[in-house]
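# Results of the structural survey
Below, each chain spelled out in residue letters.
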Amino acid sequence: MESKITKGKLVGLLYDYARVCKCPSARITFQGKCVNLYLGAGRKNLCGLTMEKAYDVLKGLTVEKTASKGSGYMGRSMSVNAKRAYERGLKPLSRIRSSDLRQNGFHYSVAFFKWLVHNWDIKPKELHHTSAAYRITPFYDGSVIRYAARCCNLELLYRMYRGKLTMQQAKQERRIRYARARILDTLLGGKSGKIISADCLLCDNLLFLSSKLCIGRDNPGVRIVEIFDGQPESENLENLTIELIKHRTTVYRKYMRN
C-alpha cells in the first residue's frame with residue numbers, strides 16, 4: 001500500500017507533540033525524502049529519518065505523554081485505568097473477535113479491521129499502560145467499531161486491503177477531481193460579499209475546501225472555473241483526498257454551507 005504520510009500530516013503531528021509535551025521550540029525540516037526532528041530542550045534531535053519513522057516517533061511521544069496521567073499500577077500486570085477499561089467492556093486490538101465486529105454492524109474479518117486501524121487512523125477509545133514494561137496499549141469499544149461500519153467506505157477499502165486497488169485507482173473510483181472555483185465569501189464565513197478564488201476537491205457534486213467545509217456544486221454562490229486531474233499542489237488537498245477515500249460522503253454533509 002502506498003504511504004499516506006505527508007509533510008502536512010507530519011507538521012500537524014508536530015503541533016500536537018509541541019502542545020501535549022510542552023515543547024514550544026520543537027520544529028521539523030525536510031531535505032528531499034528525509035526528515036529532521038528537533039524535539040525541544042532536553043531531547044535528542046533526530047535527523048535523516050524517513051517520513052514513516054518520523055511519524056512513528058512523534059506519534060509515540062505524544063501518545064506516551066497522553067497516557068502517562070494514570071491512577072497507578074496493579075502489581076506488574078496492568079495499570080488501574082487499564083483494569084477499569086476492561087471492566088467497562090473496552091479491549092485491546094488483540095482481543096477483538098468477529099462476534100464483537102458483527103454485534104456492531106461490521107461484517108468483515110478481524111484481520112481487515114486490524115488493517116483499518118493500523119493503516120487508516122481509526123482512533124482508539126482510550127490509551128492505557130499494560131504489562132510490566134509499561135507498554136502503552138490502545139483500547140477499543142463498540143463505538144469505534146460502529147464508527148468504522150457507519151463512516152468508512154468499507155467496500156472500497158476492503159479491495160485495497162486485498163491488493164485489488166491502489167490509492168490512485170480508489171481516487172478514480174470515488175471520482176475525486178481537483179477544481180478551481182470562485183466562491184462568494186459569505187459561504188466561507190466572510191461578510192463583504194466579495195468573490196474568493198479557491199482550489200478545492202470535487203466529489204459527489206460537492207466542492208470540498210477542507211474536511212469541515214463543503215459547498216454544493218450547484219450553489220448560486222459558486223462558479224467552477226476549471227476541473228482537472230493529476231496531483232494537487234496543496235498538501236492539505238492531498239490529505240483531504242485520503243480522507244474522502246476513507247470516508248463516505250455522508251460524513252461531511254453536516255459541514256455543508258448553504
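I will try to describe carefully the structure that is included in this document. Every chain is numbered on its own, with residues counted from 1 as its sequence reads. For this predicted model, a pLDDT threshold of at least 70 governs which residues receive local features, and a threshold of 80 or more governs which side-chain atom pairs are given and counted, while totals over whole chains, interfaces and linings are taken from all residues. Remark: hydrogens and water are excluded; side-chain values derive from all non-hydrogen atoms of the structure.

## Description of the packing of aromatic side chains
Definition in use: Two rings from Phe, Tyr or Trp (for Trp, the six-membered ring) form a pair when their centres are within 6.5 Å of each other. A pair whose planes differ by under 30 degrees is stacked, one over 60 is edge-to-face, and the rest are tilted. Secondary structure elements are defined from DSSP: runs of H or I of at least 4 residues count as helices, runs of E of at least 2 residues count as strands, and each element is numbered from the N terminus. A simple rule labels every residue: compare its accessible area, found with a 1.4 Å probe on the protein chains alone, to the largest value its type can have, and call it buried under 20%, exposed over 50%, or partly exposed in between. Whether a charge sits over a ring comes down to the Lys NZ or Arg CZ being within 6 Å of the ring centre and within 35 degrees of the ring normal.
A full pass over the atoms with the stated rule returns 13 aromatic pairs. Relative to Tyr 158, the ring of Tyr 108 lies with its centre 5.1 Å away and its plane at 45 degrees, an arrangement referred to as tilted. Pair noted here: Tyr 108 is in the loop between helix H4 (98–103) and helix H5 (110–119) and Tyr 158 is in helix H7 (residues 154–161), with a separation of 50 residues, a long-range link. What makes Tyr 158 partly exposed here is its relative accessible area of 26%. Taken together, the ring pairs connect Phe 106, Tyr 108, Phe 112, Phe 113, Trp 115, Trp 120, Tyr 158 and Tyr 161 into an aromatic cluster. Directly above the ring of Tyr 38 sits Arg 27, whose terminal nitrogen or CZ lies 4.1 Å from the centroid.

## Observations regarding H7
This is how it is decided: As used here, the arc is the angular range of directions from the helix axis to the C-beta atoms. The criterion used for residue contact is that any of the two residues' heavy atoms lie within 4.5 Å.
Along H7, the residues that are buried comprise Leu 154, Leu 156, Leu 157 and Met 160. Each buried residue of H7 lies within a common arc of 160 degrees when the element is viewed along its axis, so the set occupies one face. If you follow the buried residues of H7, they end up packed against H5, helix H6 (142–151), helix H8 (167–173) and helix H9 (235–246).

## Thoughts on unusual backbone geometry
Positive phi, close to 55 degrees, is recorded for Lys 22, a residue that is not glycine. Relative to the assigned elements, Lys 22 resides in the loop between helix H1 (7–20) and strand S1 (27–31).

## Concerning the pattern of salt bridges
Pairs can form between side chains of opposite charge once their charged atoms are near each other. As a reminder, the rule being used: A pairing counts as a salt bridge when a side-chain nitrogen of Lys or Arg comes within 4 Å of a carboxyl oxygen of Asp or Glu.
If you walk through the whole model with that rule in mind, you get seven salt bridges. The residue Lys 91 makes a salt bridge to Asp 100 at a minimum N-O spacing of 2.9 Å. Assessed through its relative accessible area of 14%, Asp 100 is described here as buried. Here Arg 174 ties to Asp 204 by a salt bridge, and the two come within 3.3 Å at their closest N and O atoms. Residue Arg 174 is located in the loop between H8 and strand S9 (177–184), and its partner Asp 204 is located in the loop between strand S10 (195–203) and strand S11 (206–210); the two are separated by 30 residues in the primary sequence. Linked through salt bridges whose partners overlap, the residues forming this network are Arg 180, Asp 199 and Glu 226.

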